[in-house]
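# Overview (structure and organization)
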Amino acid sequence: MPDLPTLDVLLPLDRPRLEPIAGEPDLIALFDATPGVRANMVSTVDGAATGADARSGSINNAADWRVFRVLRALADVVLVGAGTVRAEGYTALEVVDDLREARASLGLARDLELAVVSTSGDLPGALLDGDRPPLVLTVADNPSLGGLREAVGTDRVLVTGDGHRVEARAAVRALADRGLTRVLAEGGPSLLAALVEADVVDEVCLTWSPQLVGGPAGRILNQPAWFSPARPLTPLHLLHADGVLLGRWRVTRLGA
Ligand SMILES: NC(=O)c1ccc[n+]([C@@H]2O[C@H](COP(=O)([O-])OP(=O)(O)OC[C@H]3O[C@@H](n4cnc5c(N)ncnc54)[C@H](OP(=O)(O)O)[C@@H]3O)[C@@H](O)[C@H]2O)c1
């Protein structure tokens, strides 16, 4: 796998390097596939969650991609907000070929599900009309509920809130009820804030891209009010390649 960088392990110090090997056994062992909600985000060193193109694609890199593909391979479902789906053009998700065997050996389903949180139901036609439509987590008073049910199938529209808010805890429970217990939350900042606020996030993975971009970009959490109390994090590991730092923290749940 010559196009993927070797990762230096800065924390913990017991295994200093992770060479890219087909099937990524080292990264899979490091991250593991324990059920729970794992967030994965990227930020510049000055805290921007996007570059000037208002997307995260312009601030990520090969090291981030190496871990990103493994985290997807270890998940039952990617949970994402509609803003990110619209900005980044999400369609049905595929696990990369060289991680399929490792995924199967862990007992995960062949296909990786995509679950989109949306109040409005304003989702791209290319996503709704594809061969593998997403699960849609939405609210009872969504005006396009009927159209959504028609597009993705009644059983794939999960009503887990009302008014303008999907209840994050109910959304995670609805996924678990379908056997989707390994949840990879890929943002965006509004949904991630709702998940943290609801105390359902077990760990945060964050890649720092070695850039300063300035500009009006938001942070990885779109949360005007302070979390009260602030959520403590415990570092699990820190990787490095070519100036890129990739951290992983366990979140202390308030209810723990
Ligand atoms: N740096 C990173 O790692 C990263 C990761 C992901 C995204 N991004 C960037 O973040 C930007 C998008 O930010 P965003 O905050 O708008 O993204 P977002 O959280 O993905 O989307 C917000 C939208 O999701 C729905 N939503 C989220 N939480 C909800 C809740 N609790 N209840 C009901 N609906 C909810 C709503 O959709 P409706 O409007 O349809 O009702 C809301 O407008 C993009 O520029 C994207 O590139 C960065």
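Residues numbered from 1 in each chain as written. Predicted model: local features only at pLDDT ≥ 70, side-chain atom pairs only at ≥ 80, totals over all residues. Heavy atoms only, no water.

### Remarks on the pattern of salt bridges
Selection criterion: Salt bridges are identified by distance alone: a Lys or Arg side-chain nitrogen within 4 Å of an Asp or Glu carboxyl oxygen. Note on classification: 1.4 Å probe, protein chains only; a residue is buried when its accessible area is under 20% of the maximum for its type, exposed when over 50%, partly exposed between these limits.
A complete count under the given rule lists 18 salt bridges for this structure. One salt bridge in this structure joins Glu-94 and Arg-100, with 3.2 Å as the shortest N-O distance. Look at Glu-94 and you get partly exposed, because its relative accessible area is 48%. Residues joined by salt bridges that share partners form a network here, namely Glu-94, Asp-97, Arg-100, Arg-110, Asp-111 and Arg-132.

### Observations regarding the side chain of Arg-72
Short version of the rule: The helix count covers DSSP runs of H or I at least four residues long, the strand count covers runs of E at least two residues long, and both are numbered beginning at the N terminus. When checking whether two residues touch, look at their non-hydrogen atoms; a contact exists if any pair is within 4.5 Å.
Within the secondary structure, Arg-72 sits in helix 2 (residues 62-73). Those residues in contact with Arg-72 that lie beyond four places of it in its chain are Val-78, Tyr-90, Leu-93, Arg-103, Leu-112, Leu-184 and Glu-186.

### A look at the environment of Val-42
By secondary structure assignment, the location of Val-42 is in strand 3 (residues 36-44). Note on Val-42: relative accessible area 8%, which makes it buried. Taking the C-alpha atoms as reference points, Val-42 and Val-204, 162 residues apart in sequence, are found 11 Å from one another. Contact partners of Val-42, with chain neighbours within four places excluded, come to Ala-48, Ala-49, Ser-56, Ile-59, Asn-60, Asp-64, Leu-206, Thr-207 and Ile-220.

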